[in-house]
Amino acid sequence: METLILNPQSNTDIKKAGEILRNAGLVAIPTETVYGLAANALETKAVEKIYIAKGRPSDNPLIVHIANFEDIYELVSDVPPKAKALAEKFWPGPLTIILPKSDKVPSITSGGLGTVAVRIPSDKTALSIITESAVPLAAPSSNLSGRPSPTCFEHVLEDMDGRIDAIVKGEECEVGLESTVITLTTKVPKILRPGRISLEDIEKVIGKTDIDTAVLNQLEQGKAVSSPGMKYKHYSPKAKITICKQSFADYKKIFETDKNATALCFNGQEVMAKAVKYGEKYDSISQAKELFSALHKLDEQGFDNVYATCPQLHGVGLAVYNRLIRAAAFRVLEPDVHIIGLTGTTGSGKSTVADILAQNNAKIIDCDKITKDPSTYTETCLNHLQNAFGSDILKDKVLDRKLLAKRAFETSEKTKLLNEITLPVITEKINRIIQGYKNNGAKIIVLDAPTLFEAKADELCTAIIAVNAPEELRLERIILRDNLTKEQALQRIHAQKPVEFYAQKANWLIDTEDGVDIEKIIEIVKSLKGD
Ligand code: TXA
Ligand code: MG
């Protein structure tokens, strides 16, 4: 079959797409998540063609796309208040809601289930094609079954040319991962597939929501599943991928010993000869957008032995991890020792958290103390400091830290220079202490570091805890603790990064407004030990 290429800017082409769909044909269309392979959802012979074109197992149900909320009433037998609340907040957009189906939806569309998945996409081209076709459109991702979902026209062409009637050549998809799928047919709503709309976003609207176990875990053979899509091989590139949960410092070592390895890592981390990048570190939205095209690139470049850095396991990061772990066929390298960065805003109660971690068998490294300790600085390092900041910063071979600080913090260039000179020796010392604890059998080591990120010590960590409290409370605490005036305290607070900076990077954010939640800290320790 010859596949037509249609232009979304052309009215004639949009009309053509609508006509093909009304006549039971198949059209690949762009959406904000990934490209979809659309057919009339209410016509069995049209939907059958989707399963054939994709090579998709027939018990894997499809998502039905509509353009207006009212259109949901012909597809489902009931629209509960939670569905309305979610639709109100997130539609049009990357959220799919599962509800009991109406008799109008043929069994082939719902994969034989009594429920149906519905979504209103936000992409303008998708909406105009749904409107033009005047039927609800069943549309799975427009890839061959088992392959990564297509996020640009070229990916669709590669998988579908000659198999379908037409492809609408739109832009690259904005979200880059498929929609979040939530079912409202269980007692507690449950996320079956995470996406750009996160658990946290959803709970703000409808309260307690579960996450299906299949999201993070490999299914046992023959076990019943809530979402049939979860049981099939998915997102698999040809390459063998292994996810690395080690620190970035240990991750880099893999490439020193294995010269054939390729890195699937974040921008700025491509220290290895062979690397494919997927987004910015600590920015799950950009990782989501780029993951699938990165998987395609691995194949195009013929890379086969790939080690991937690990996304965060919360927010949109959970969706990135959910796809990546399937692409990696659940191969994960766990760290043998957990190195936890402990940081946060000043006066937030970080030391109390450190104390509780210590009581639970964690070894604490006080990075501030190492920075202030004269023995940290080697003679070469001190010479460099003198050359850069004046020989009088050393008095009787002792570093005058106040004078050094005064000179180094004059301009941002000088601060950068100070860091360039001192960070390597500080890191070296921290590494020696870490190694010592490791040799003694420690399983959890905590780097207590207010400037964890500035000092790049996050690269030594396998996870990060950030501590915070409301500004009023922190102000009160540091005035008392350090005997400051209110102005001095405010100045110190405002010289620091805002809480969002820490929250975005942390695996856990601990708020100490109502005191330190000891239970939560114990829970974190237990999760690290795998208890
Ligand atoms: O972003 C998206 O959702 C894209 C675009 C095209 O809209 N579509 C998409 O469809 O990803 P697909 O077919 O690749 O994934 C649909 C997922 C599958 O895992 C399927 O098993 C699940 O949703 N699903 C669909 N209907 C369901 C139902 N009634 N009950 C449980 N799971 C269902
Ligand atoms: Mg799919």
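Computed from a predicted structure; not experimentally measured.

S.K.: Sorry if this is basic, but what is going on with the overall build of the protein here?
M.R.: For the protein, the count of helices and strands is 18 helices and 23 strands. Counting only C-alpha atoms and orienting by the principal axes, one finds that the protein spans roughly 90 × 50 × 45 Å. Looking at the 531 residues of the protein, the share that counts as buried comes to 52%. Of the contacts made within the protein by residues no fewer than 6 positions apart, 68% connect residues no fewer than 24 positions apart. Just so you have it, the protein exposes about 24,600 Å², and 50% of that area is on carbon and sulfur atoms. The averaged location of the 71 negative side-chain charges in the protein is 3 Å from the averaged location of its 67 positive side-chain charges.

S.K.: Even after reading the chapter, I still don't get the site of ligand 1, so can you show me in this structure?
M.R.: In the vicinity of ligand 1 lie 25 residues, with Thr33, Asn60, His65, Ser179 and Gly229 positioned nearest. At a separation of 2.7 Å, an oxygen atom of ligand 1 approaches a polar side-chain atom of Asn60. Within the side chain of His65, an N or O atom sits 2.6 Å from an oxygen atom of ligand 1. Computed on the free molecule, ligand 1 has an accessible area of 670 Å², of which 97% lies beneath the protein chains in the complex. Per element, the largest residue contribution to the shell around ligand 1 is three residues, and it comes from strand 6 (residues 115-119). Looking at the shell around ligand 1, its residues break down into eleven nonpolar, ten polar and four charged.

S.K.: Looking at this structure, how should I read empty space enclosed by the protein?
M.R.: To find leftover empty space, a probe the size of one water molecule is rolled over the atoms. Throughout the structure, instances matching the rule amount to one cavity of 30 Å³ or more. Estimated volume of the largest cavity: approximately 40 Å³. In this structure, the largest cavity is lined by Gln246, Ser247, Asp250, Pro335, Asp336, Val337, Ile339, Lys438 and Thr462. For the lining of the largest cavity, the class distribution of residues is three nonpolar, three polar and three charged.

S.K.: Sorry if this is basic, but what is going on with the packing of aromatic side chains here?
M.R.: Aromatic rings in a pair are described by how distant their centres are and how their planes are angled relative to each other. A complete count under the given rule lists ten aromatic pairs for this structure. On the basis of an interplanar angle of 90° and a centroid distance of 6.0 Å, the ring pair of Phe69 and Tyr73 is categorised as edge-to-face. Ring centres 4.8 Å apart and planes at 50° place the aromatic pair Phe266 and Tyr278 in the tilted group. Within this pair, whereas Phe266 is found in the loop between strand 13 (262-265) and strand 14 (275-277), its partner Tyr278 is found in the loop between strand 14 and helix 8 (284-300), the two being separated by twelve residues in sequence.

S.K.: Hey, could you run me through the sheet that holds strand 16 (residues 332-333) in this one?
M.R.: Two orientations exist for strands paired in a sheet by backbone hydrogen bonds: parallel and antiparallel. In spatial order, the strands read 14-13-15-12-16; together these five strands make up an open sheet with parallel pairing. Each edge of the open sheet carries a strand with a single partner, namely strand 14 and strand 16. Looking at chain direction, strand 13 and strand 14 are connected through three bridges and run parallel. Within strand 14, the residue paired with Cys265 across the bridge is Lys277. On the sheet, helix 9 (residues 317-327) packs against strand 12 (240-244), strand 13, strand 15 (305-309) and strand 16 and is oriented at approximately 135° with respect to strand 12.

Procedures and definitions
Residues numbered from 1 in each chain as written. Chains lettered and ligands numbered in written order. Predicted model: local features only at pLDDT ≥ 70, side-chain atom pairs only at ≥ 80, totals over all residues. Heavy atoms only, no water. Helix = DSSP H or I, 4+ residues; strand = E, 2+ residues; numbered from the N terminus. Buried < 20%, exposed > 50% of the residue type's maximum accessible area, 1.4 Å probe, protein only. Contact = heavy atoms within 4.5 Å. Areas by Shrake-Rupley, 256 points an atom, 1.4 Å probe, with all protein chains shown as cover. Lys, Arg positive; Asp, Glu negative; His and termini not counted. Charge placed at Lys NZ, Arg CZ, Asp CG, Glu CD. Near = heavy atom within 4 Å. Polar contact = N/O pair within 3.5 Å; in protein donor to acceptor, adjacent residues only side chain to side chain. Nonpolar A, V, L, I, M, F, W, Y, C, P; charged D, E, K, R; others polar. 1 Å grid on protein atoms, 1.4 Å probe; cavity = no way out; pocket = protein on both sides within 12 Å on 5 of 7 lines; lining within 4 Å. Points joined across faces, edges and corners; volume = space filled by probe spheres on them. Phe/Tyr/Trp six-rings, centres within 6.5 Å; stacked < 30°, edge-to-face > 60°. Pairing = 2+ DSSP bridges. Axes fitted to C-alpha atoms, helices over the stretch in contact; angles between N-to-C directions.

Read these as spatial facts, not as claims about activity.
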